[in-house]
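# A look at the structure
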Amino acid sequence: MSSALTDLCRFPIVQAPMAGGASCPQLVAAVSEAGGLGFLAAGYKTADGMYEEIKQLRGLTTRPFGVNLFMPQPNYADPASIEVYRHQLAGEAGWYETPLGETDGGSDDGYEAKLAILLDDPVPIISFTFGCPARPVLDSFAKVGTFTVVTVTTPEEAQAAQWSGADAVCVQGIEAGGHQGTHRDDPQSDGTGIGLLSLITQVRETIQLPIIAAGGLMRGAQIAAVLALGAEAAQLGTAFLVCPESGANALHKQAMTNPLFVRTELTRAFSGRPARGLVNRFMREHGPYAPAAYPQVHHITSGLRKAAAKAGDAQGMALWAGQGHRMAREMPAGQLVEVLAAETDAARAELALRDVSAPVKRGEAS
């Protein structure tokens, strides 16, 4: 691990920031206390709400932690397509007896106000999703001693992060649960994302920044694999979602290993942006027709998702999950960090042993 990341966590294990409630202060504190790096998700929160969670977290741990921000989104959405989708969801509103949300909730997620708070009262590490901040923003965080990470899904995005002055990149493979952190939401690129192992190699050959690898990782052997490819650390979300400290809805946690939900897909049905989740009724019925309109669709469906959860209906919820969801293990977050660290060490030791014991080929020096 690079010295900067080594200073932040004892093990190369990062708990992914999961917006929507899962990455609560209790989960983040448990991960950081155990030697991993916990992350708060500031997405969908007000600036004040983010700051309250930071203060609560500081009361639970003195260990380093991170905060993830959503980048402001350009408003390229077609109003007509949004209205068509609203009409399609009218039946859902009637079924759950809740009105559809309005689309004027803003597209910047309180970004500037959150930056101001984090520059005034710095945290150890900040990551950015859905784009890359301009160099002056990243330079400002460097001056206050905050380590900055930009989520990337292509070598080109990684190059942009390096040019802008990021300290590291979080390389997100298409296997990852939740939203794809693409810098530009292009409907023509839906389903064309790069798998994590290939993406790590491509990014490693493109830039010189430290890499945090994310996407479908659930076991220590997988962590060892991404470390062997050149990543400095592994980021896991779905693995931590089922922990008792996680703030995810109980139905969401149960669905991870429920045989009723056998696979995941990328969908725009719930938010208007590609995100990987367990295939359920809502995704099947509305995914093919959802427009590229984030965060407008997110605002429209917000009430529906809450009503479905309240009604105990997982078929109407956004069940974000990575491709490895069936390997989820329900255990305390601190224990999971220790298990993952032990599995990683064992896998790395086995790889080293294989290298040492491999027979020398004829003609090679012994």
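Before any of the text, the structure's been laid out above.
Every chain begins its residue count from 1, and numbering advances along the sequence as written. Side-chain atom pairs in this predicted model are given and counted only at pLDDT of 80 or more, local residue features only at pLDDT of at least 70, and totals for whole chains, interfaces and linings cover all residues. By convention in this description, side-chain values take in all heavy atoms of the structure and omit both hydrogens and water.

Another point: the pairing of strand E3 (residues 65-70). Burial classes follow relative accessibility: with a 1.4 Å probe on protein chains only, a residue under 20% of its type's maximum area counts as buried, one over 50% as exposed, and anything between as partly exposed. Comment: elements are numbered from the N terminus, with helices defined as DSSP H or I runs of at least four residues and strands as E runs of at least two. For E3, the tally of buried residues reaches 6 of 6 residues, placing the bulk of the element in the interior. Here E3 shows two buried faces, one formed by Phe-65, Val-67 and Leu-69 and the other by Gly-66, Asn-68 and Phe-70. Here, any two strands with at least 2 DSSP bridges between them count as paired. The pairing of strand E2 (residues 38-41) with E3 spans 4 bridges and is classified as parallel. Counted as the bridge partner of Gly-38 is Phe-65 from E3. Considered for its hand, the β-α-β crossover made up of E2, helix H3 (residues 47-58) and E3 is right-handed. Taken together, the 5 bridges between E3 and strand E4 (residues 125-129) define a ladder with parallel strand orientation. Each residue of the ladder has a partner; that of Leu-69, found in E4, is Phe-128. A clockwise path from the first strand over the helix to the second, with the strands pointing away from the viewer, defines a right-handed crossover.

Moving on: the nonpolar core. Note on terminology: a nonpolar core comprises buried Ala, Val, Leu, Ile, Met, Phe, Trp, Tyr and Cys residues joined through side-chain atoms within 4.5 Å. The biggest cluster of nonpolar side chains holds 99 residues, and the ones touching the most others in it are Val-67, Leu-69 and Phe-240. Once residues lying within four places of it in the same chain are set aside, the contact partners of Phe-240 are Ile-13, Val-14, Gln-15, Met-18, Leu-27, Val-31, Ser-246, Ala-333, Leu-336, Val-337 and Leu-340. Counting 14 residues, the second-largest nonpolar core is a separate cluster that includes Ile-125, Phe-147, Cys-170 and Ile-212. By definition, residues are in contact when any of their heavy atoms lie within 4.5 Å.

Here we come to the environment of Pro-295. With respect to the element layout, Pro-295 can be found in the loop between helix H13 (281-286) and helix H14 (296-310). Take Pro-295: its relative accessible area is 7%, and that puts it in the buried class. Distance in space between the C-alpha atoms of Pro-295 and Asn-249 is 22 Å, their sequence separation being 46 residues. With residues up to four places along the chain from it excluded, the contact list for Pro-295 reads Gly-106, Ser-107 and Ser-271.

Okay, the sheet that holds strand E11 (residues 275-278) next. In space, the 3 strands of this open sheet follow the order E7-E11-E10, with antiparallel pairing throughout. The open sheet is flanked by strand E7 (178-179) and strand E10 (264-267), the only strands paired with a single partner.

A regular strand carries its side chains on alternate faces of the sheet. Of all 6 residues in strand E5 (residues 147-152), 6 are buried; the element is thus mostly enclosed. Along E5, one buried face is formed by Phe-147, Val-149 and Thr-151 and the opposite face, lined by Thr-148, Val-150 and Val-152, is buried too. Relative to E5, E4 runs parallel, the two sharing 4 bridges. Among the inter-strand pairings, Ser-127 is bridged to a residue of E5, identified as Val-149.

Among the residues making up helix H9 (residues 196-204), those that are buried are Leu-196, Leu-199, Ile-200 and Val-203. For H9, the arc enclosing every buried residue in end-on projection is 105°, short of the 170-degree limit, so these residues lie on one face. Looking at the buried residues of H9, the elements they touch are E5, helix H8 (155-164), strand E6 (168-172), strand E8 (211-214) and helix H10 (220-228). The arc under discussion is defined with respect to the helix axis, by the directions toward the C-beta atoms.

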